[in-house]
Amino acid sequence: MSIPILQAKEISVVFGGLRAVSDFNLTLMEGELVGLIGPNGAGKTTVFNLLTGVTPLSSGEIAIRSSKDGKAHSTKGMKAHQIARLGLGRTFQNIRLFKSLTVLDNLRISMDHLRRTTIADAILRTRRFSAEEEAFTARSVELLKIFELDDKKDLLARNLPYGEQRKLEIARALATDPKLLLLDEPAAGMNPQETKDLMRLIAFVRERFQLTILLIEHDMSLVMNLCERIAVLDYGQEIAMGTPAEISRNPAVIKAYLGEEEI
Amino acid sequence: MKKKGVDFLLLLGSGLLVYCLIASLAWVGVIDEYYMQLLSVAGVYIIVALSLNLITGFTGQLALGHAGFMSIGAYTAAIFVMRASLPLLPSVLLGGLVSAVFGFAIGFPTLRLRGDYLAITTLGFGEIIRVVLNNLEGLTGGSAGLQGIPSFSDTGNYTLDAIIKFSWIFAFFVATVATISNLIRSSPGRVIVSVREDEIASTSMGNDVTRYKMIAFTVSAFFAGIGGGLFSALIGYLNPSDFNFLYSVNFVVIAVLGGLGSLTGTVLGGLVFTFAQEWLRVLGDFRLVVFGLLLILLMIFWQSGIMGNKELSITGLVRRIFRKGGRAQ
Ligand SMILES: Nc1ncnc2c1ncn2[C@@H]1O[C@H](COP(=O)(O)OP(=O)(O)OP(=O)(O)O)[C@@H](O)[C@H]1O
Ligand SMILES: [Mg+2]
């Protein structure tokens with residue numbers, strides 16, 4: 001089963017005079033777990049923003065296979081929320097939770113695009129409305145259980161410890177019911193034990209929800225162990241793409257990382 | 001299901017209790033007509049401030065022209081009552097609807113932009129509406145104002161009239177609170193609040209944030225218009241120059257004073273504001289200076305307002321009392 005779920009062709013973006021991403025190509029096959037690495041400021045997060053439509057493309061094309069109709073859709077002219085509804089979920093490097101809302105509400109907000117009742121139902125508190133609320137809540141609690149956050153569902157997101165905020169970001173992305181998940185440094189700031197647990201969790205949800213995952217991560221050993229393929233960015237350009245073994249002996253990659261960190 | 005029924009009954013009960021208390025105190029003369037009128041005015045201010053809180057406190061979009069929406073509702077209702085002899089209730093509702101149409105028309109081009117465009121646009125809108133109302137003399141009476149708008153009640157018994165006026169305002173107040181609070185505590189309402197929290201995160205979770213801002217703004221304009229319609233029948237006289245920029249700022253002050261993102265806070269804020277303004281009248285021209293200073297001090301030392309973004313909950317209070325009682329046994 002190798003059907004592409006995402007295809008980015010020659011995508012570029014220019015900020016002022018800076019070509020932050022330059023003719024980047026990426027194809028993700030269904031079920032893959034691919035790593036996106038590169039030195040600081042290489043353009044990794046910008047690639048995520050381009051794929052999700054948060055930042056408009058300067059040139060290039062992106063096609064995503066919708067989880068609804070199974071067809072590939074060009075994201076040209078689509079807004080970020082429309083792209084998300086194709087089945088694309090994401091987390092943010094600099095945690096962007098709805099901080100003064102509860103853990104539960106953070107998840108339920110991701111389900112509104114599945115809502116079938118109207119605003120009139122909400123105002124009049126109809127039976128349909130209550131049933132749907134209960135369904136959203138039940139689904140959220142189920143997801144929170146996976147992340148061991150269910151007993152904290154009524155806490156405000158801002159009161160969670162840092163590591164749990166990162167987990168909540170993933171849970172919130174999963175609540176949109178995605179098939180493709182983009183994780184931007186999910187383990188940043190976690191200690192080795194937390195990182196290990198998180199990786200196990202990511203592997204678990206990948207299996208459970210049959211996800212395709214694109215992962216940005218700075219921890220090399222982690223990327224090398226977890227990912228099936230790795231793309232390497234430097235100054236906005238893809239300098240290598242291949243299996244972890246291939247990447248670790250690629251001269252261009254070694255050069256890009258010299259003085260940064262040892263692989 | 002059961003719990004919700006209890007909640008509803010408690011709210012209904014406490015609303016009725018407050019209403020009966022005020023009405024009977026007015027009937028026996030403890031609250032005189034002057035204070036009944038003041039309470040009614042406060043009710044109107046609260047309705048408009050609640051509508052503003054929906055867009056500014058809950059959705060996070062600063063709006064500075066709610067006097068404009070209020071005046072649209074006020075003039076629409078007054079004109080339908082006076083020129084078309086329509087009864088008050090449909091006229092007030094029409095005032096809300098016309099105001100909502102204006103809200104939609106202004107929000108549509110503005111709300112897709114990020115940032116403070118709404119503040120600037122609504123500010124300009126408020127001023128334009130005022131000028132337009134001033135110049136539509138045939139319809140609005142222009143700068144001479146519109147006089148002789150029929151009141152809610154004109155029985156000749158001042159006490160009874162005051163009570164009936166208050167009853168109208170109170171009924172609309174309850175309906176406004178119920179609608180906005182049910183909206184906020186629902187799935188679309190949570191998305192509205194998520195726009196305030198983080199617009200980019202909300203879009204990335206599949207939410208059409210522009211659409212939700214539009215909904216919040218249109219509903220907001222509707223209730224501001226309702227407030228205006230009630231105002232016209234309560235005061236009986238309208239003048240475009242009353243609905244100026246400073247008047248819009250009053251509602252921002254009430255919402256901030258009570259706490260942005262708190263409905264019960266707005267209610268308290270509206271009461272404090274109306275009564276403070278009235279009591280400070282003894283200071284004559286110094287009133288505005290003192291009032292302004294008080295507000296500045298308040299905002300420096302008490303930034304989150306009376307309630308912050310929390311709610312005062314009668315049902316929560318009752319439940320807590322009962323739980324305590326239960327434990328003691
Ligand atoms: N909206 C923007 N406007 C202007 N410049 C930007 C914008 N977003 C990113 N950049 C620039 O683009 C470059 C790539 O940034 P990006 O955040 O994508 O890097 P990154 O690979 O994610 O780095 P890190 O590992 O530090 O997260 C940087 O030089 C950054 O300053
Ligand atoms: Mg980054």
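Since the structure is predicted, the reported quantities are computational estimates derived from the model, not experimental observations. (Residues numbered from 1 in each chain as written. Chains lettered and ligands numbered in written order. Predicted model: local features only at pLDDT ≥ 70, side-chain atom pairs only at ≥ 80, totals over all residues. Heavy atoms only, no water.)

Enquirer: Before we move on, can you summarise the overall build of chain B with the specific residues and values?
Expert: A tally of regular secondary structure across chain B gives 14 helices and zero strands. Moving toward the C terminus, one meets the helices and strands of chain B in the order α-α-α-α-α-α-α-α-α-α-α-α-α-α. Here chain B has a C-alpha radius of gyration of 20 Å; the compact-globule value for 329 residues is 20 Å, and the two agree. Taken over the C-alpha atoms alone, chain B extends approximately 65 × 55 × 40 Å along its principal axes. For chain B, the residues scored as buried account for 52% of the 329 residues in total. Summarising the internal contacts of chain B: among those between residues at least 6 apart in sequence, 79% fall at separations of at least 24. (Helix = DSSP H or I, 4+ residues; strand = E, 2+ residues; numbered from the N terminus. Rg over C-alpha atoms; globule rule 2.2 N^0.38 Å. Buried < 20%, exposed > 50% of the residue type's maximum accessible area, 1.4 Å probe, protein only. Contact = heavy atoms within 4.5 Å.)

Enquirer: Could you give me a rundown of the environment of B:Ala63, with the residues and numbers involved?
Expert: All names here are of chain B. Summarising the element assignment, alanine 63 is placed in the loop between α2 (33–58) and α3 (66–83). Measuring from C-alpha to C-alpha, the distance between alanine 63 and leucine 52 comes to 7.2 Å, with eleven residues separating the pair along the chain. Setting aside chain neighbours within four positions, we find alanine 63 in contact with Leu52, Ile55, Thr56, Leu118, Thr122, Phe217 and Val252.

Enquirer: Tell me about the environment of B:Phe286, residues and numbers included.
Expert: Residue position: B:Phe286 is located in helix α13 (residues 286–301). Measuring from C-alpha to C-alpha, the distance between B:Phe286 and B:Leu54 comes to 33 Å, with 232 residues separating the pair along the chain.

Enquirer: I'd love a proper account of the pattern of salt bridges, names of residues and values included.
Expert: Residues and elements named next belong to chain A. Applying the stated criterion to the full structure yields 18 salt bridges over all chains. Note that arginine 108 is salt-bridged to glutamate 133, the shortest N-O span being 3.8 Å. Here glutamate 133 lies in helix α5 (residues 127–146) and arginine 108 lies in helix α3 (residues 103–108), a separation of 25 residues in the sequence. Glutamate 133 carries the same exposure label as arginine 108, and that label is buried. The shortest N-O distance in the salt bridge between aspartate 197 and arginine 200 comes to 3.6 Å. Of the two residues, aspartate 197 and arginine 200 both sit in helix α7 (residues 192–208), three residues apart, roughly one turn of that helix. Judged by its relative accessible area of 34%, aspartate 197 is partly exposed. (Salt bridge = Lys/Arg side-chain N within 4 Å of Asp/Glu carboxyl O.)

Enquirer: So, the coordination of the magnesium ion (ligand 2): which residues are in play, and what are the values?
Expert: Residue and element names in this part refer to chain A. The magnesium ion (ligand 2) binds to the protein through Thr45 (OG1) and Gln93 (OE1); the donor distances cover 1.9 to 2.1 Å. Of this pair, threonine 45 sits in helix α1 (residues 44–52) while glutamine 93 sits in the loop between β6 (88–90) and α3; the two residues are 48 residues apart in sequence, bridging distant segments of the chain. Classification of threonine 45 as partly exposed rests on a relative accessible area of 26%. (Donors = N, O, S within 2.8 Å, 3.2 Å for Na, K, Ca; no water.)

Enquirer: Before we move on, could you go through the side chain of B:Asp198 and cite the residues and values that matter?
Expert: Position of B:Asp198 among the secondary structure elements: in the loop between α8 (187–197) and α9 (199–204). Polar contacts involving the side chain of B:Asp198 include one to the main-chain amide nitrogen of B:Ile200, which spans 3.2 Å. Excluding residues that lie within four positions of it along the chain, B:Asp198 makes contacts with A:Arg96, A:Leu97 and A:Phe98. (Polar contact = N/O pair within 3.5 Å; in protein donor to acceptor, adjacent residues only side chain to side chain.)

Enquirer: Can you explain the interface of chain B and chain A? Please cite residues and give values.
Expert: Counting residues at the interface gives 29 residues for chain B and 33 residues for chain A. Taken together, chain B and chain A are joined by two salt bridges. For the salt bridge of A:Arg96 with B:Asp198, the shortest nitrogen-to-oxygen distance reads 2.8 Å. The interface formed by chain B and chain A holds 13 residue pairs in polar contact (both at pLDDT 80 or more) in total. Taken together, the elements giving at least two residues each to the side of chain B that touches chain A come down to α7 (158–184), α8, α9 and α10 (209–235) of chain B. For the side of chain B that touches chain A, the element with the highest residue contribution is α8(B), accounting for eight residues. Here the side of chain B that touches chain A is built from residues that sort into ten nonpolar, twelve polar and seven charged. (Nonpolar A, V, L, I, M, F, W, Y, C, P; charged D, E, K, R; others polar.)

Enquirer: Requested: an account of the sheet that holds strand β2 (residues 18–29) of chain A, with residues and values cited.
Expert: Residue and element names in this part refer to chain A. Pairing is antiparallel across the open sheet formed by four strands, whose spatial order is β2-β1-β4-β5. If you trace the sheet from one side to the other, it starts and ends with β2 and β5 (72–74), each paired once. Neighbouring strand axes in the sheet, compared pairwise and without regard to direction, differ in orientation by 20 degrees on average. In this sheet, β2 lies alongside strand β1 (residues 4–15) in antiparallel orientation, the contact comprising eight bridges. Across the sheet, the residue bridging to leucine 6 is leucine 28, located in β2. Seen against the sheet, α1 touches β1, β2 and β4 (59–65) and runs at an angle of roughly 115 degrees to β1. (Pairing = 2+ DSSP bridges. Axes fitted to C-alpha atoms, helices over the stretch in contact; angles between N-to-C directions.)

Enquirer: Describe the nonpolar core, and please don't skip the residues or the numbers.
Expert: With 92 residues, the main nonpolar core has B:Met36, B:Leu230, B:Leu238, B:Phe243 and B:Phe251 as its most contacted residues. Among all residues touching B:Phe243, those that are not within four sequence positions of it are B:Ala67, B:Met70, B:Ser71, B:Ala74, B:Tyr75, B:Arg130, B:Phe231 and B:Leu238. Grouped together as the second largest cluster of nonpolar side chains are 44 residues, A:Val103, A:Ile146, A:Leu168 and A:Met190 included. (Core = buried A, V, L, I, M, F, W, Y, C linked by side-chain atoms within 4.5 Å.)

Enquirer: Help me get a handle on the sheet that holds β6(A), residues and values and all.
Expert: All names here are of chain A. Strand order across the open sheet formed by six strands is β6-β7-β8-β3-β9-β10, with mixed pairing between neighbours. The two strands at the open ends of the sheet, each matched to only one other strand, are β6 and β10 (237–242). Adjacent strand axes in the sheet meet at a mean angle of 20 degrees when their direction is disregarded. Alignment of strand β3 (residues 33–37) against strand β9 (residues 229–234), held across four bridges, turns out to be parallel. Looking at β9, one finds that glycine 35 is bridged to isoleucine 230. Running over the sheet, helix α6 (residues 162–175) touches β6 and β7 (180–184) and is turned about 160 degrees from β7.

Enquirer: Go over α7(B), please, and point to the residues and values.
Expert: Relative to the 39 Å expected for 27 residues at 1.5 Å per residue, α7(B) spans 39 Å between its end C-alpha atoms, a close match to the ideal helical length. Capping the start of α7(B) is the job of one residue whose side-chain oxygen sits 3.1 Å from the backbone nitrogen of B:Thr159: B:Asn157. (Expected span 1.5 Å × (residues − 1).)

Enquirer: Can you break down the confidence of the model for chain A residue by residue, with the values?
Expert: With 97% of its residues at a pLDDT of at least 70, chain A reaches an overall mean of 93. The least confident element of chain A is helix α10 (residues 251–257) of chain A, whose mean pLDDT is 84; the most confident is α3(A), at 98. (pLDDT = per-residue confidence, 0-100.)

Enquirer: Tell me about the packing of α3(B) against α10(B), and name the residues and values.
Expert: All names here are of chain B. Between α3 and α10, whose axes approach to 6 Å, the crossing angle comes to 50 degrees. On the basis of the axis angle, α3 is oblique to α10. Here α3 runs over α10; the crossing is right-handed. Two secondary-structure elements touch here, α3 through His66, Phe69, Met70, Gly73, Ala74, Ala77 and Ala78 and α10 through Phe217, Ser220, Ala221, Ala224, Gly225, Gly227, Gly228, Gly229, Phe231 and Ser232. (Parallel < 35°, antiparallel > 145°, perpendicular 65-115°, else oblique. Left-handed = near helix turned anticlockwise from the far one by under 90°.)

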